[in-house]
Amino acid sequence: MSAPTLRTDRLTKKFGAFTAVDGVTLTVPPGSRHALIGPNGAGKTTLINLLTGVIASTGGSIHLDDDDITRMPADRRVHRGLVRTFQINTLFPRLTPHEATALAIAERDGVGRVFWRSFRGNTAIHDEADDLLTRFGLGAHARTVTSQLAYGRQRLLEIVLALAARPSILLLDEPAAGIPEDESGEVFEAIAALPESMTVLFIEHDMDLVFRFARRISVLVAGAVIADGTPDEIANHADVRRAYLGSTEVGHPPGLPKEAAGSVTRAADAGGAATGAVHA
Ligand SMILES: Nc1ncnc2c1ncn2[C@@H]1O[C@H](COP(=O)(O)OP(=O)(O)O)[C@@H](O)[C@H]1O
Ligand SMILES: [Mg+2]
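**Regarding the overall build of the protein**
At step 1: Helix and strand counts for the protein stand at twelve helices and ten strands.
At step 2: Every one of the 280 residues in the protein was classed for burial, and the buried ones make up 42%.
At step 3: Sequence separation of 24 or more characterises 68% of the internal contacts of the protein that already satisfy a separation of 6 or more.

Have a look at this one:
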């Protein structure tokens, strides 16, 4: 089954007088690998929260294919296949990955309460949980209490728990955050191996990972999309380069990956080959 097209039209979120998301119009077709990038505080997480229904928008709309879901409650969006990762650190620290995954599957199938009464009874659920965990390299850790897992494995489990809901559109907010740099690639390899039919919209600040795994990139600055295109187009976009060079936040170092930064420099040296260079 193919995912619906996720679309926003001038989506806006104001917190009082402050506009965190400012008229964002996006189209995310089925099977996208779409990265949302931008400086710290640009509104990326707020945008994901609007999409999942965790917070209500103050303007604009959100659509799945032809259905307006702008005011649809969060749990119904999950049933429509729009799923974001859980925060296991707060939800499931005392469960094992196997228990947590089995529970998430039981919830999806609407048998949560029955399931807990006969935890061992439902072999189909246990098998599906083990399959999912094995696919994400967590097979050997499935029966270890989650709080004792290495941080990278906990982040993988967050993705597994989201997948247990059988999403058609998976939303990931910095899935490799806090993972040692040499292990963060593994998380994205696992994401890259997801079915082609599944849409993945992800926030990531590591530009090497973004340019390795995204097929489309939207750049958010001060709540607004300033550029939207293929990795090549984004790497050569003068506004993007300017936005990143102008960014000075600590903790989210700006900077395009080396090869991308190189091509940006060459485009600029070539006399404004990148579109928008003189007009912005
Ligand atoms: N609940 C809230 N109330 C007020 N301001 C908020 C709230 N949530 C986020 N913001 C503000 O909105 C801006 C965007 O935040 P966020 O979406 O978390 O940015 P990003 O994920 O791109 O780093 C920030 O200035 C943040 O302080
Ligand atoms: Mg954020």
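Read on for the rest.
**Observations concerning unusual backbone geometry**
Peptide bonds are, in most cases, trans, and in most cases residues other than glycine have a negative phi.
At step 1: If you check the backbone angles, Arg10 has positive phi at about 50° while not being a glycine.
At step 2: Along the chain, the position of Arg10 falls in strand 1 (residues 6-15).

**Some points on the site of ligand 1**
At step 1: In the vicinity of ligand 1, the residues found are Phe15, Ala20, Gly38, Asn40, Gly41, Ala42, Gly43, Lys44, Thr45 and Thr46.
At step 2: It is helix 1 (residues 44-52) that provides the largest number of residues to the shell around ligand 1, a total of three residues.
At step 3: Of the residues in the shell around ligand 1, the class split is three nonpolar, six polar and one charged.

**Some remarks on the sheet that holds strand 4 (residues 59-64)**
Adjacent strands of a sheet form backbone hydrogen bonds with each other and so pair up, either parallel or antiparallel.
At step 1: Pairing within the open sheet is antiparallel, and its four strands lie in the order 2-1-4-5. Where the open sheet ends on each side, the last strands, each with one partner, are strand 2 (18-28) and strand 5 (67-68).
At step 2: Where strand 4 meets strand 5, two bridges bridge the pair, whose relative direction is antiparallel. Note on strand 5: the bridge partner recorded for His63 is Asp68.
At step 3: Most of the contacts of helix 1 go to strand 2, to which it runs at about 65°, and overall it touches strand 1, strand 2 and strand 4.

**With respect to the pairing of strand 3 (residues 33-37)**
At step 1: For strand 3, the buried fraction is high: five of the five residues fall into the buried class.
At step 2: Both faces of strand 3 are covered, namely the face carrying Arg33, Ala35 and Ile37 and the face carrying His34 and Leu36.
At step 3: Pairing of strand 3 with strand 8 (residues 199-203) involves four bridges; the strand directions are parallel. In the strand pairing of strand 8, His34 is matched with Leu201.

**With respect to the sheet that holds strand 3**
At step 1: Ordered by their spatial adjacency, six strands build an open sheet running 6-7-8-3-9-10, and the pairing between neighbours is mixed. Both edges of this open sheet fall to strand 6 (82-84) and strand 10 (224-229), since each of them pairs with a single strand only. The average angle at which neighbouring strand axes cross in this sheet is 20°, direction not considered.
At step 2: Inspection of the sheet shows strand 9 (residues 216-221) paired to strand 10 by five bridges, in the antiparallel sense. Each bridged residue has a counterpart across the sheet, and for Ser218 the counterpart in strand 10 is Asp228.

**Considerations on the nonpolar core**
At step 1: The biggest cluster of nonpolar side chains holds 72 residues, and the ones touching the most others in it are Leu36, Leu47, Val160, Leu170, Leu171, Val210 and Val219.
At step 2: Formed jointly, this core draws a minimum of three residues from each of two domains, domain 1 (1-81 + 168-280) and domain 2 (86-166).
At step 3: In contact with Val210, not counting residues within four places along its chain, are Ala35, Ile37, Glu204 and Ile217.

Quick notes on the rules
- Residues numbered from 1 in each chain as written.
- Chains lettered and ligands numbered in written order.
- Predicted model: local features only at pLDDT ≥ 70, side-chain atom pairs only at ≥ 80, totals over all residues.
- Helix = DSSP H or I, 4+ residues; strand = E, 2+ residues; numbered from the N terminus.
- Buried ≥ 20, exposed ≤ 12 C-beta atoms within 10 Å, placed from the backbone.
- Contact = placed C-beta atoms within 7 Å.
- Near = placed C-beta within 6 Å.
- Nonpolar A, V, L, I, M, F, W, Y, C, P; charged D, E, K, R; others polar.
- Pairing = 2+ DSSP bridges.
- Axes fitted to C-alpha atoms, helices over the stretch in contact; angles between N-to-C directions.
- Core = buried A, V, L, I, M, F, W, Y, C linked by C-beta atoms within 7 Å.
- Domains from an automatic or database assignment.

So far we have only geometry, and geometry alone does not tell us how the molecule works.
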